[in-house]
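What follows is each chain in one-letter form.
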Amino acid sequence: MDGRLNALVTGVSRRAGIAAAVARALAAEGWDLSLTGWRPYDETMPWGRTDSDIDDLVDELAALGARADFVDADLERPDAPAEILKTAVSTLGPITALVVVHTHDTGGGLLDMTAADFDRHMAVNARSTLLLAAEFTRQFTGQFGTGRIVTFTSGLPLKGSIAYAASKGAVEWITGSAAAELTEVGITVNAVNPGPNDTGWMSPAVRDHISNTSPAGRAGRPEDAAHLVAFLCSEKGGWVSGQVINSDGGWSTLRT
(Lines give C-alpha, C1' and ligand atoms only; values in the text may rest on other atoms or scores of the structure.)
Protein backbone atom coordinates (compact mmCIF):
# COMPACT_ATOMS: atom_id res chain seq x y z
CA MET A 1 0.00 0.00 0.00
CA ASP A 2 2.04 2.95 -1.29
CA GLY A 3 1.13 6.58 -0.68
CA ARG A 4 -1.85 7.94 1.23
CA LEU A 5 -5.02 5.88 1.20
CA ASN A 6 -8.55 6.74 2.28
CA ALA A 7 -10.45 5.30 5.24
CA LEU A 8 -13.95 5.76 6.60
CA VAL A 9 -14.27 5.54 10.40
CA THR A 10 -17.69 5.53 12.09
CA GLY A 11 -18.55 6.38 15.69
CA VAL A 12 -16.27 9.41 15.92
CA SER A 13 -18.27 11.48 18.37
CA ARG A 14 -15.70 12.52 20.98
CA ARG A 15 -11.94 12.80 21.20
CA ALA A 16 -11.64 10.37 24.13
CA GLY A 17 -13.28 7.47 22.29
CA ILE A 18 -11.87 4.46 20.46
CA ALA A 19 -12.95 5.79 17.07
CA ALA A 20 -10.95 8.99 17.57
CA ALA A 21 -7.93 6.93 18.61
CA VAL A 22 -8.36 4.82 15.46
CA ALA A 23 -8.45 7.99 13.37
CA ARG A 24 -5.21 9.22 14.96
CA ALA A 25 -3.48 5.87 14.46
CA LEU A 26 -4.49 5.68 10.80
CA ALA A 27 -3.53 9.30 10.16
CA ALA A 28 -0.09 8.60 11.60
CA GLU A 29 0.23 5.67 9.16
CA GLY A 30 -0.54 7.82 6.14
CA TRP A 31 -4.31 7.54 5.76
CA ASP A 32 -6.73 10.32 4.87
CA LEU A 33 -10.02 10.06 6.71
CA SER A 34 -13.73 10.50 6.39
CA LEU A 35 -15.27 10.50 9.87
CA THR A 36 -18.88 10.00 10.91
CA GLY A 37 -20.57 10.26 14.26
CA TRP A 38 -23.61 11.36 16.20
CA ARG A 39 -22.79 14.98 16.94
CA PRO A 40 -25.58 16.32 19.20
CA TYR A 41 -24.47 16.79 22.79
CA ASP A 42 -26.11 14.35 25.20
CA GLU A 43 -26.03 15.66 28.75
CA THR A 44 -27.12 12.28 30.12
CA MET A 45 -23.83 10.64 29.12
CA PRO A 46 -21.33 10.37 32.00
CA TRP A 47 -18.42 11.81 30.02
CA GLY A 48 -20.32 14.79 28.60
CA ARG A 49 -19.11 16.37 25.41
CA THR A 50 -18.85 19.68 23.62
CA ASP A 51 -19.41 20.29 19.94
CA SER A 52 -15.81 21.48 19.64
CA ASP A 53 -14.56 17.92 20.16
CA ILE A 54 -14.86 16.94 16.50
CA ASP A 55 -13.41 20.18 15.16
CA ASP A 56 -10.43 19.79 17.48
CA LEU A 57 -9.95 16.18 16.34
CA VAL A 58 -9.98 17.20 12.69
CA ASP A 59 -7.30 19.77 13.53
CA GLU A 60 -5.26 17.05 15.27
CA LEU A 61 -5.45 14.84 12.21
CA ALA A 62 -4.44 17.71 9.95
CA ALA A 63 -1.37 18.24 12.13
CA LEU A 64 -0.48 14.60 11.43
CA GLY A 65 -0.63 15.32 7.71
CA ALA A 66 -4.05 13.82 7.04
CA ARG A 67 -6.96 15.24 5.11
CA ALA A 68 -10.02 14.71 7.27
CA ASP A 69 -13.68 15.64 7.21
CA PHE A 70 -16.65 14.89 9.46
CA VAL A 71 -20.29 14.22 8.58
CA ASP A 72 -23.17 13.62 10.95
CA ALA A 73 -24.71 10.17 10.62
CA ASP A 74 -27.84 8.66 12.13
CA LEU A 75 -27.14 5.01 11.43
CA GLU A 76 -30.60 3.91 12.51
CA ARG A 77 -31.70 5.16 9.09
CA PRO A 78 -31.38 2.40 6.47
CA ASP A 79 -30.33 4.91 3.80
CA ALA A 80 -27.50 6.39 5.91
CA PRO A 81 -24.73 3.91 4.93
CA ALA A 82 -25.11 4.63 1.21
CA GLU A 83 -25.13 8.37 1.88
CA ILE A 84 -22.03 8.13 4.07
CA LEU A 85 -20.01 6.18 1.50
CA LYS A 86 -21.13 8.48 -1.32
CA THR A 87 -20.02 11.53 0.67
CA ALA A 88 -16.69 9.93 1.62
CA VAL A 89 -15.87 8.99 -1.97
CA SER A 90 -16.85 12.40 -3.31
CA THR A 91 -14.68 14.12 -0.69
CA LEU A 92 -11.59 11.89 -0.61
CA GLY A 93 -11.83 9.51 -3.54
CA PRO A 94 -12.21 5.70 -3.39
CA ILE A 95 -12.21 4.26 0.13
CA THR A 96 -9.79 1.43 0.87
CA ALA A 97 -10.60 0.77 4.55
CA LEU A 98 -13.85 0.80 6.52
CA VAL A 99 -13.64 0.79 10.32
CA VAL A 100 -17.02 0.41 12.03
CA VAL A 101 -16.65 1.60 15.63
CA HIS A 102 -20.04 3.17 16.39
CA THR A 103 -22.36 1.45 18.82
CA HIS A 104 -25.67 1.89 20.61
CA ASP A 105 -26.22 0.51 24.11
CA THR A 106 -28.87 1.66 26.55
CA GLY A 107 -28.61 -1.43 28.76
CA GLY A 108 -31.57 -3.51 29.81
CA GLY A 109 -31.98 -7.17 30.66
CA LEU A 110 -34.37 -9.78 29.30
CA LEU A 111 -37.38 -8.56 31.29
CA ASP A 112 -36.67 -4.88 30.61
CA MET A 113 -36.36 -4.97 26.84
CA THR A 114 -39.10 -3.63 24.58
CA ALA A 115 -39.53 -4.46 20.91
CA ALA A 116 -38.63 -0.90 19.94
CA ASP A 117 -35.46 -0.94 22.06
CA PHE A 118 -34.38 -4.27 20.59
CA ASP A 119 -35.04 -3.12 17.03
CA ARG A 120 -33.01 0.06 17.53
CA HIS A 121 -30.00 -1.88 18.82
CA MET A 122 -30.16 -4.24 15.86
CA ALA A 123 -30.62 -1.41 13.37
CA VAL A 124 -27.81 0.81 14.64
CA ASN A 125 -25.29 -1.89 15.52
CA ALA A 126 -25.92 -4.84 13.21
CA ARG A 127 -27.92 -3.70 10.19
CA SER A 128 -25.80 -0.60 9.62
CA THR A 129 -22.62 -2.71 9.80
CA LEU A 130 -23.96 -5.01 7.09
CA LEU A 131 -25.08 -2.12 4.87
CA LEU A 132 -21.83 -0.18 5.36
CA ALA A 133 -19.81 -3.25 4.40
CA ALA A 134 -21.96 -3.79 1.30
CA GLU A 135 -21.67 -0.15 0.18
CA PHE A 136 -17.93 -0.18 0.84
CA THR A 137 -17.54 -3.28 -1.32
CA ARG A 138 -19.57 -1.79 -4.17
CA GLN A 139 -17.31 1.27 -4.37
CA PHE A 140 -14.00 -0.55 -3.76
CA THR A 141 -11.66 -0.09 -6.70
CA GLY A 142 -8.30 -0.77 -5.05
CA GLN A 143 -5.76 -3.39 -5.98
CA PHE A 144 -6.63 -6.97 -5.10
CA GLY A 145 -5.74 -7.71 -1.49
CA THR A 146 -5.74 -4.09 -0.29
CA GLY A 147 -9.35 -3.74 0.90
CA ARG A 148 -9.96 -3.71 4.66
CA ILE A 149 -13.08 -3.88 6.82
CA VAL A 150 -12.74 -3.84 10.62
CA THR A 151 -15.77 -4.07 12.90
CA PHE A 152 -16.06 -3.89 16.68
CA THR A 153 -17.68 -6.35 19.06
CA SER A 154 -17.78 -7.02 22.82
CA GLY A 155 -17.12 -9.97 25.07
CA LEU A 156 -20.24 -12.13 25.14
CA PRO A 157 -22.53 -12.92 26.91
CA LEU A 158 -23.38 -9.63 28.63
CA LYS A 159 -25.63 -9.64 31.66
CA GLY A 160 -27.99 -6.67 31.72
CA SER A 161 -27.44 -5.59 28.09
CA ILE A 162 -29.24 -8.30 26.17
CA ALA A 163 -30.16 -6.32 23.05
CA TYR A 164 -26.66 -4.91 22.77
CA ALA A 165 -25.24 -8.42 23.20
CA ALA A 166 -27.56 -9.79 20.51
CA SER A 167 -26.55 -7.04 18.10
CA LYS A 168 -22.84 -7.67 18.72
CA GLY A 169 -23.34 -11.38 18.19
CA ALA A 170 -24.88 -10.46 14.85
CA VAL A 171 -21.90 -8.21 14.05
CA GLU A 172 -19.54 -11.14 14.65
CA TRP A 173 -21.44 -13.39 12.26
CA ILE A 174 -21.76 -10.63 9.68
CA THR A 175 -17.99 -10.19 9.94
CA GLY A 176 -17.20 -13.86 9.44
CA SER A 177 -19.73 -14.34 6.64
CA ALA A 178 -18.60 -11.18 4.84
CA ALA A 179 -15.00 -12.36 5.09
CA ALA A 180 -15.99 -15.62 3.40
CA GLU A 181 -17.61 -13.72 0.54
CA LEU A 182 -15.04 -10.96 0.10
CA THR A 183 -11.81 -12.97 0.07
CA GLU A 184 -12.29 -13.50 -3.65
CA VAL A 185 -12.43 -9.75 -4.30
CA GLY A 186 -9.38 -8.95 -2.16
CA ILE A 187 -11.02 -7.49 0.96
CA THR A 188 -10.20 -8.72 4.47
CA VAL A 189 -12.84 -8.53 7.20
CA ASN A 190 -12.10 -8.81 10.93
CA ALA A 191 -13.70 -7.86 14.25
CA VAL A 192 -11.95 -6.42 17.30
CA ASN A 193 -13.12 -6.93 20.89
CA PRO A 194 -11.41 -4.19 22.94
CA GLY A 195 -12.58 -5.56 26.31
CA PRO A 196 -13.19 -3.12 29.17
CA ASN A 197 -11.88 0.11 27.70
CA ASP A 198 -11.57 3.36 29.62
CA THR A 199 -13.02 5.91 27.23
CA GLY A 200 -14.39 8.07 30.02
CA TRP A 201 -17.36 6.05 31.21
CA MET A 202 -15.63 4.27 34.10
CA SER A 203 -16.14 5.41 37.66
CA PRO A 204 -13.08 5.17 39.94
CA ALA A 205 -14.59 2.05 41.54
CA VAL A 206 -15.12 0.35 38.17
CA ARG A 207 -11.63 1.29 36.99
CA ASP A 208 -10.09 -0.08 40.18
CA HIS A 209 -12.06 -3.33 39.90
CA ILE A 210 -10.99 -3.88 36.30
CA SER A 211 -7.37 -3.00 37.07
CA ASN A 212 -7.32 -5.40 40.02
CA THR A 213 -8.84 -8.29 38.07
CA SER A 214 -7.19 -7.78 34.69
CA PRO A 215 -4.11 -9.95 33.98
CA ALA A 216 -2.48 -6.82 32.56
CA GLY A 217 -3.15 -4.83 35.74
CA ARG A 218 -5.10 -2.04 34.07
CA ALA A 219 -8.14 -1.26 31.97
CA GLY A 220 -7.82 -1.00 28.23
CA ARG A 221 -7.06 2.33 26.59
CA PRO A 222 -8.45 3.54 23.25
CA GLU A 223 -5.01 3.46 21.66
CA ASP A 224 -4.65 -0.27 22.47
CA ALA A 225 -7.42 -1.17 20.05
CA ALA A 226 -6.40 1.57 17.63
CA HIS A 227 -2.91 0.10 17.16
CA LEU A 228 -4.47 -3.26 16.27
CA VAL A 229 -6.82 -1.63 13.77
CA ALA A 230 -3.90 0.19 12.14
CA PHE A 231 -2.09 -3.14 11.74
CA LEU A 232 -5.15 -4.87 10.28
CA CYS A 233 -5.56 -2.03 7.79
CA SER A 234 -1.90 -2.14 6.79
CA GLU A 235 -0.24 -4.24 4.12
CA LYS A 236 1.21 -6.42 6.88
CA GLY A 237 -2.30 -7.25 8.09
CA GLY A 238 -3.41 -8.62 4.75
CA TRP A 239 -3.09 -12.29 5.75
CA VAL A 240 -5.63 -11.94 8.59
CA SER A 241 -9.32 -12.29 7.75
CA GLY A 242 -12.50 -13.73 9.22
CA GLN A 243 -11.24 -13.33 12.79
CA VAL A 244 -12.69 -11.99 16.04
CA ILE A 245 -9.58 -10.70 17.82
CA ASN A 246 -9.56 -10.01 21.56
CA SER A 247 -7.41 -6.94 22.22
CA ASP A 248 -8.05 -6.86 25.96
CA GLY A 249 -4.82 -7.62 27.80
CA GLY A 250 -5.97 -11.19 28.45
CA TRP A 251 -9.24 -10.14 30.11
CA SER A 252 -11.34 -12.63 28.11
CA THR A 253 -9.05 -15.64 28.50
CA LEU A 254 -6.49 -15.30 31.28
CA ARG A 255 -8.42 -14.12 34.34
CA THR A 256 -8.47 -16.62 37.22
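Look above for the structure.
A short tour of the structure in this document, coming up. (Residues numbered from 1 in each chain as written. Predicted model: local features only at pLDDT ≥ 70, side-chain atom pairs only at ≥ 80, totals over all residues. Heavy atoms only, no water.)

The end-to-end C-alpha distance of helix 5 (residues 162-182) is 30 Å, a good match for the 30 Å that 21 residues give at a rise of 1.5 Å each. Among all positions of helix 5, only A163, Y164, A165, S167, K168, G169, V171, I174, T175, A178, A179 and L182 are buried. Packed against the buried residues of helix 5 are helix 4 (115-139), strand 5 (147-152) and strand 6 (187-193). (Helix = DSSP H or I, 4+ residues; strand = E, 2+ residues; numbered from the N terminus. Expected span 1.5 Å × (residues − 1). Buried < 20%, exposed > 50% of the residue type's maximum accessible area, 1.4 Å probe, protein only. Contact = heavy atoms within 4.5 Å.)

On to the pairing of strand 1 (residues 5-10). On any regular strand, side chains alternate: one points to one face of the sheet, the next to the other face. Within strand 1, six of the six residues are buried, leaving the element largely enclosed by the surrounding structure. Judged by which residues are buried, strand 1 turns out to be covered on both faces: L5, A7 and V9 on one side and N6, L8 and T10 on the other are all buried. As paired strands, strand 1 and strand 2 (residues 31-37) are joined by five bridges and run parallel to one another. Residue pairing across strands places A7 opposite L33, the latter belonging to strand 2. Chirality of the crossover, the property in question, places the unit of strand 1, helix 1 (residues 18-28) and strand 2 among those that are right-handed. Alignment of strand 1 against strand 4 (residues 97-100), held across four bridges, turns out to be parallel. (Pairing = 2+ DSSP bridges. Right-handed = clockwise from strand over helix to strand, strands pointing away.)

All right, on to the sheet that holds strand 4 then. What the seven strands build is an open sheet, ordered 3-2-1-4-5-6-7; its pairing is parallel. The open sheet terminates on both sides in strands that have one partner only, identified here as strand 3 (68-72) and strand 7 (244-246). Averaged over all pairs of adjacent strands, the angle between their axes in this sheet comes to 20°, without regard to strand direction. Alignment of strand 4 against strand 5, held across four bridges, turns out to be parallel. Paired with V99 across the bridge in strand 5 is V150. (Axes fitted to C-alpha atoms, helices over the stretch in contact; angles between N-to-C directions.)

Looking along the chain, the bond that leaves L156 and enters P157 is cis, with omega of 0°. Along the chain, the position of P157 falls in the loop between strand 5 and helix 5.

Before going further, it helps to examine the pattern of salt bridges. Following the criterion strictly, the structure yields 10 salt bridges and no others. The shortest N-O distance in the salt bridge between E60 and R24 comes to 2.8 Å. Of this pair, E60 sits in helix 2 (residues 52-63) while R24 sits in helix 1, and the two are 36 residues apart along the sequence. Judged by relative accessible area, E60 falls into the partly exposed class, the value being 25%. What makes R24 partly exposed here is its relative accessible area of 23%. With a shortest N-O distance of 2.9 Å, E135 and R138 are connected by a salt bridge. Taken as a pair, E135 and R138 lie in helix 4 at a separation of three residues, close to a single helical turn. Its relative accessible area of 23% is what places E135 among the partly exposed residues. One connected set of salt bridges, linked through shared partners, spans R15, R24, D56 and E60. (Salt bridge = Lys/Arg side-chain N within 4 Å of Asp/Glu carboxyl O.)

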